[in-house]
Amino acid sequence: MRIPVLALTAASAMVAALALPAGATAAASAAAGTDGGGRRFDQPYSGFAPAGTVLRPASPRAAGLDPAPIAAFEEQVAAWADPASGAGYLFPGATSLMVHDGKVVERGATGYATRYSAPRTELPEDQWAPARTDTIYDLASLSKLFTSLVAVQQLEAATIRLDSPVADYLPEFAVHGKGAITIRQLLTHTSGLAPDPEPALWQGYPDIPSRVKAILDTTPVNPAGTTYTYSDLNMLTMQLVLEKVTGRSLDTLVREDITRPLHMTDTGYNPPASKLSRIAATEYETTPARGLVHGQVHDENAWAMGGVAGHAGVFSTVDDLAVLAQAILNGGTYRGHRVLSRHGVSLLEENFNQAFPGDSHGLGFELDQIWYMGGLSGPRTLGHTGFTGTSLVIDPESRSFAVLLTNRVHATRTTPSTNPARRGIAGALAQAMRVKAPGAGRSWFSGQGGGATSTLTTGPLNASGTVDVDFRSFVNTESTDRLRLEASSDGGATWQPVTLRVTGTGAPADGVTSLSGQAVRAWWRVHAEVPSAASGLELRWRYTTDSVYEGRGVNLSGLRVTDGTHVLLNGDKPDAPLTSAGWRELPAGGGR
């Protein structure tokens, strides 16, 4: 069962009413089925969205997007939620949402929010609760973003300072060599603290005061500032700092300073029993003996803290998270309610971890993590994941975001990784945005999955002497997924790499034999020379992916081969001798 984006449910009607200005519903309906001319993926934005941008429903086509990748994702997510998929069964239920330029282009739900009474034990079918577009999910570590947002608010209020020691606010924290750990290091996971409390807070301590003392007494495992170690203790400590300097509890800070101003009515800690029917169930726990966890935080340490913890505990919906994401894209404001200054938002997007390549981090937000951001990943892309199977990816360069909430730990945590689905929603949104080749000639695109190869091969060319090869490329790939130009002089039996000279924004500075990466979203001009070529020369453009992660893919255009006096190949001509395996020719003047 899949509830589509434009289904007229009570929840979708509510979103439309809240998000659309007066009279806009009719205009949006009139635009359905037309090309809305949305921003192209190869024309990135450089600043915030207009502060007045509000969420409103639109079909992908009305938003200027290709509907095919989004439809393919919806089909795939239904398979991920189907036990008949075998090893491909990732979660019982999921709710998803995609937004581009303020337009909600996908909003759907599949599977079940509650299906099991225990691992491998289904409830009677009449007790199954379908996942809905307004289902409330346990966000798990997405909760860290709310702690971080409160921290940035307090930075702006000057109640804390980024490079001040934590011990300035919590003197007890200085024990065991922690006196030098700073607020910045907590928020960027460079404090040197262990990943989790040992023993667990629920195991080793009888009450919340003793658990708080355990957090303060923890011993670091590395010197501050020397390593990146993702740590729940960082955010548990940050919680204690925020509560100390404000005199308010974390749940109160989040409610009064974030969710209430943004009208995020389904977001918070310890949701009320009146909403239980809308909450997705999580794990059946035997240690501790909690039974089926439903309506309480799944994370045991957060549970031990009364459900309110810096690292976990927040429940929310895709609609509420959409408001938060759009507020970030708007520079900290939504519908006239400002929760962060523009400078405050910039601190979320700034990479404070340049000393730790691969672990880019703003304050609280992860940056440029292709393992779940997929085709939307880039230096400014920010987001987070949660253990329960949740993810939020915000891409300022396209003013887009993707929200995926699942109950993958229902009723057991021993399930496959949710990362394929996380990358899937981000990749679908990235591929739905247009990339248009310069000029009006022929162009090709490959957005292949992992462990694949695409080739675009010329026929034998009547070459003599030095051959010049020119083309344009748009590359958005994992760093190890590469585009190469190769030459063969023996009928394709063997192929040799050709050195490429590349120009354009962010292009490699020296001659290279392959192109890859997601650092820039720009078309490059590529020139290559094949010396001492002879008749029968063949060329091929080969794009290969490993089995791990993929970006949006690779576009090619303007293929031209000459030998100084003759044009050996003009790729813009319809009869150009080119054979494609895995590359798709795009419509003339269009794009993908």
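Above this text sits the structure in question.
Residues numbered from 1 in each chain as written. Predicted model: local features only at pLDDT ≥ 70, side-chain atom pairs only at ≥ 80, totals over all residues. Heavy atoms only, no water.

Caption draft 1: Seen up close, helix α14 (residues 419-432). With 14 residues, α14 extends 20 Å between its outermost C-alpha atoms, agreeing within 8% with the 20 Å of an ideal straight helix rising 1.5 Å per residue. Counted residue by residue, α14 has 12 buried out of 14 residues, so it is predominantly covered. (Helix = DSSP H or I, 4+ residues; strand = E, 2+ residues; numbered from the N terminus. Expected span 1.5 Å × (residues − 1). Buried < 20%, exposed > 50% of the residue type's maximum accessible area, 1.4 Å probe, protein only.)

Caption draft 2: Layout of unusual backbone geometry. A cis geometry characterises the amide bond from Glu 198 onward to Pro 199, with omega recorded as -5 degrees. Counting through the fold element by element, Pro 199 comes out in the loop between α5 (183-187) and α6 (201-204). Residue Ala 411 is reached from His 410 by a cis peptide bond, and omega for that bond is -5 degrees. The topology assignment puts Ala 411 in the loop between β18 (400-406) and α14. Even without glycine at this site, Arg 120 takes up a positive phi of about 60 degrees. By the secondary structure assignment, Arg 120 is in the loop between β5 (116-118) and β6 (121-122). Residue class for Arg 120 comes out exposed when judged on its relative accessible area of 77%. Of note, His 176 is a non-glycine position whose phi angle comes to about 60 degrees, a positive value. Take His 176: it is sitting in the loop between α4 (143-156) and α5. By relative accessible area, which is 49% here, His 176 ends up partly exposed.

Caption draft 3: Seen up close, the nonpolar core. Counting residues in each nonpolar core, the largest one holds 86 residues, and the members touching the most others are Phe 146, Ile 183, Met 238, Leu 262, Ile 394 and Phe 401. With 9 residues, the top contributor of residues to this core is helix α11 (residues 318-329). Those residues in contact with Phe 401 that lie beyond four places of it in its chain are Leu 55, Leu 97, Met 98, Val 99, Ala 322, Ala 325, Gln 326, Leu 329, Val 393, Ile 394 and Leu 429. By size, the runner-up hydrophobic cluster in this structure holds 34 residues, among which are Phe 471, Leu 485, Trp 524 and Val 530. (Core = buried A, V, L, I, M, F, W, Y, C linked by side-chain atoms within 4.5 Å. Contact = heavy atoms within 4.5 Å.)

Caption draft 4: Structural view of the sheet that holds strand β8 (residues 137-138). The antiparallel open sheet is built from 3 strands, whose spatial order is β8-β12-β9. Every interior strand has two partners, whereas the edge strands, β8 and β9 (268-269), have only one. When β9 meets strand β12 (residues 314-316), the two strands line up antiparallel, connected through 2 bridges. Note on β12: the bridge partner recorded for Gly 268 is Phe 315. (Pairing = 2+ DSSP bridges.)

Caption draft 5: Highlighting the pairing of strand β27 (residues 553-562). Among the 10 residues that make up β27, 8 are buried, leaving the element largely enclosed by the rest of the structure. Pairing between strand β19 (residues 443-446) and β27: 4 bridges, direction antiparallel. Among the inter-strand pairings, Phe 445 is bridged to a residue of β27, identified as Asn 555. Here strand β21 (residues 465-476) pairs with β27 via 8 bridges, running antiparallel. In the sheet register, Asp 470 faces β27, and the bridge partner there is Arg 560. Counting the residues between successive antiparallel strands, the hairpin from β27 to strand β28 (residues 567-570) contains 4 residues, one of them, Gly 564, with a positive phi of roughly 95 degrees.

Caption draft 6: Layout of the environment of Asn 407. Positionally, Asn 407 belongs in the loop between β18 and α14. Linking Asn 407 and Leu 556, residues 149 residues apart in sequence, is a C-alpha distance of 40 Å. Beyond its immediate sequence surroundings of up to four residues, Asn 407 is in contact with Phe 91, Pro 92, Gly 93, Tyr 112, Ala 113, Tyr 137, Ala 280, Ala 281 and Thr 388. A polar contact is formed between the side chain of Asn 407 and the backbone nitrogen of Gly 93, at a distance of 2.8 Å. Reaching out from Asn 407, the side chain makes a polar contact with the backbone oxygen of Ala 113 at a distance of 3.0 Å. (Polar contact = N/O pair within 3.5 Å; in protein donor to acceptor, adjacent residues only side chain to side chain.)

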